[in-house]
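Structural overview for review
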Amino acid sequence: MAYKRKARIVFFCASHPTPAILAAHYANTLGSDWMEARAAVLPGMAGEVPVLDDTALAWADLLVTLDAAALAARPPLRAGLQHRYYPFEPIPDVADKEAWRELAARIQQRVEGMIGGMRLLQKAAHASDGL
């Protein structure tokens, strides 16, 4: 059976909002055929990224924690909500532009791997529909 809708993913980072923002951006641009993503952070983090809350968790199919602090702060998961831990640490110093480029490339590579998995699942679903 083919998928009825895109997978909903929340990328959650507790030490800095940028990894979650980047992961959601790559998922929404590179993987727009298979996934819809949002970024979330812990309360009190500066910036415009939403705080991880019950509404975000109810919306999501998958919660991806991106650092050890997010993993430690991960709330209990409801039935049907999966979790993956893809640590992207340490977070570079703000002035280290090369380290930030490397971090962005690593995050993009991880999201591309997720997209590849979704493609394989979609192919398998189409193959089983043809039986």
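Up top you'll find the structure we're talking about.
The following refers to the structure shown. Predicted model only: the values in this text are computed from it and were never measured. (Residues numbered from 1 in each chain as written. Predicted model: local features only at pLDDT ≥ 70, side-chain atom pairs only at ≥ 80, totals over all residues. Heavy atoms only, no water.)

So, the environment of Gly-44
Our working rule: Working definition: helices are DSSP H or I runs of at least four residues, strands are E runs of at least two. Numbering for both runs from the N terminus. Summary of the burial criterion: residues with accessible area below 20% of their type's maximum are buried, those above 50% are exposed, and those between are partly exposed, where the area comes from a 1.4 Å probe applied to protein chains only.
Within the secondary structure, Gly-44 is located in the loop between strand E2 (35–41) and helix H2 (54–59). Given a relative accessible area of 81%, Gly-44 falls into the exposed group.

Quick look at the sheet that holds strand E4 (residues 82–85)
Quick reminder of the rule: At least two bridges found by DSSP between two strands are what make those strands a pair. A fitted line through C-alpha atoms represents every axis, and for helices the fit uses only the stretch in contact; the resulting angles, taken between N-to-C directions, go from 0 to 180 degrees. Contacts were defined at the residue level, with two residues in contact if any of their heavy atoms lie within 4.5 Å.
Read from one edge of the open sheet, four strands run E2-E1-E3-E4, paired in parallel fashion. Edge positions in the sheet fall to E2 and E4, since each of these pairs with one other strand and no more. Going across the sheet, the axis of each strand differs from the next one's by a mean of 20 degrees, ignoring polarity. In the packing of helix H1 (residues 18–30) onto the sheet, contacts are made with strand E1 (7–13) and E2, and the angle to E2 comes to roughly 170 degrees.

Some words on H1
Note the threshold: Working rule for helices: expected span equals 1.5 Å times residues minus one.
Between its terminal C-alpha atoms H1 stretches 18 Å, which fits the 18 Å expected from 13 residues at 1.5 Å a residue. Listing the buried residues of H1 in full gives Pro-19, Ala-20, Leu-22, Ala-23, Ala-24, Tyr-26 and Ala-27.

Overview of the packing of aromatic side chains
Where we set the bar: Stacked, edge-to-face and tilted labels apply to pairs of Phe, Tyr and Trp rings (six-membered ring for Trp) whose centres lie within 6.5 Å, assigned for plane angles under 30 degrees, over 60, and everything in between, in that order. Throughout this description, the term charge over a ring refers to an Arg CZ or Lys NZ atom that lies within 6 Å of the ring centre and within 35 degrees of the ring normal.
Counted by the stated rule, this structure contains zero aromatic pairs. The residue whose ring lies beneath Arg-38 is Trp-59, and the NZ or CZ to ring-centre distance is 3.7 Å. For Arg-110, the ring lying beneath its charged end belongs to Tyr-86, and the centroid distance is 3.9 Å.

Purely geometric numbers; function is a separate question.
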